[in-house]
Amino acid sequence: MGENYNSNNGMLPQTPNTGSFFAFWSVLFGGLGLLTDCLPLFSIWNLPAGLIFGLTGIALAVLSKKGKPFSHQAQLGLILSIISAVCGLLLALFIIFVYDVMDTNTPLGQYFRQVFEATTQALMPTGGVGK
């Protein structure tokens, strides 16, 4: 009756490495950041989302390192997150610049106001559907 039912031959079970957990989330946040960098076309309120996701992804990639070299997954997360953070920052600065210039009486300000008004009118429902 000396059968051993222990399938791991007396070794402790392997737990997942927390570095790979952080690296996975770094890739996810970097990808979400890049995705949300494209979404301000639909809503200006999610403008800083790409920057926030990118910075979070960078932090998670650094946390996954734990004194060892970056894994391939952590490198991918770091690259995606840096691109997301830079694009998010540039996009936020561009939108701030456009809205600031729109308040001036320069030709560029007039052009931005005209484009904004034309876009707003094109996106507004015509009202003729329900009549």
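A brief look at the structure comes next. If you're wondering where the values come from, they're calculated on a predicted model, not measured in any experiment.

Our next topic: the overall build of the protein. Assigned secondary structure in the protein consists of four helices and zero strands. Looking at the protein as a whole, 25% of its 131 residues qualify as buried. In the protein, of all internal contacts separated by at least 6 residues, the share reaching a separation of at least 24 is 65%. Accessible surface for the protein amounts to roughly 9,700 Å². Of this, 71% is attributable to carbon and sulfur atoms.

It is worth spelling out the packing of helix α2 (residues 49-65) against helix α3 (residues 72-102) at this point. Running from amino to carboxyl end, α2 crosses α3 at an angle of 155°, the nearest separation of the two axes being 7 Å. Comparing their axes, α3 and α2 come out roughly antiparallel. Considering the relative orientation of α2 and α3, their crossing is left-handed. Contacts from Gly50, Leu51, Gly54, Leu55, Gly57, Ile58, Ala61 and Ser64 in α2 reach Ala74, Leu78, Ser81, Ile82, Ser84, Ala85, Gly88 and Leu89 in α3. Each residue belonging to the contact of α2 with α3 can be placed in one class, and the counts come to nine nonpolar, seven polar and no charged.

Its location among the elements puts Cys87 in helix α3. Sequence separation of Cys87 and Asp37 is 50 residues, and the distance between their C-alpha atoms is 6.8 Å.

Counted according to the given criterion, the structure contains six aromatic pairs. A ring pair is formed by Tyr111 and Phe112, whose centres lie 5.9 Å apart and whose planes are at 50°; its orientation type is tilted. Aromatic rings pair up to connect Phe21, Phe22, Phe24, Trp25, Phe29 and Phe53 into one cluster.

The next point concerns the environment of Thr104. One can find Thr104 in the loop between α3 and α4 (107-123). Once residues lying within four places of it in the same chain are set aside, the contact partners of Thr104 are Gly109 and Arg113. Among the polar contacts made by the side chain of Thr104, one reaches the main-chain carbonyl oxygen of Val101 at a distance of 2.6 Å.

Here α3 crosses α4 at 105°, and the two axes come no closer than 8 Å. With respect to α4, the axis of α3 lies roughly perpendicular. From α3, Phe97, Val98, Tyr99, Val101 and Met102 reach across to α4, where they touch Leu108, Gly109, Phe112, Arg113 and Phe116. Tallied by class, residues from the contact of α3 with α4 come to eight nonpolar, one polar and one charged.

On to the side chain of Ser84, then. On the secondary structure map, Ser84 appears in helix α3. If we ignore the near neighbours within four places in the chain, the residues touching Ser84 are Gly30, Gly33, Leu34, Asp37, Gly50, Leu51 and Gly54.

Calculation criteria
- Residues numbered from 1 in each chain as written.
- Predicted model: local features only at pLDDT ≥ 70, side-chain atom pairs only at ≥ 80, totals over all residues.
- Heavy atoms only, no water.
- Helix = DSSP H or I, 4+ residues; strand = E, 2+ residues; numbered from the N terminus.
- Buried < 20%, exposed > 50% of the residue type's maximum accessible area, 1.4 Å probe, protein only.
- Contact = heavy atoms within 4.5 Å.
- Areas by Shrake-Rupley, 256 points an atom, 1.4 Å probe, with all protein chains shown as cover.
- Axes fitted to C-alpha atoms, helices over the stretch in contact; angles between N-to-C directions.
- Parallel < 35°, antiparallel > 145°, perpendicular 65-115°, else oblique.
- Left-handed = near helix turned anticlockwise from the far one by under 90°.
- Nonpolar A, V, L, I, M, F, W, Y, C, P; charged D, E, K, R; others polar.
- Phe/Tyr/Trp six-rings, centres within 6.5 Å; stacked < 30°, edge-to-face > 60°.
- Polar contact = N/O pair within 3.5 Å; in protein donor to acceptor, adjacent residues only side chain to side chain.

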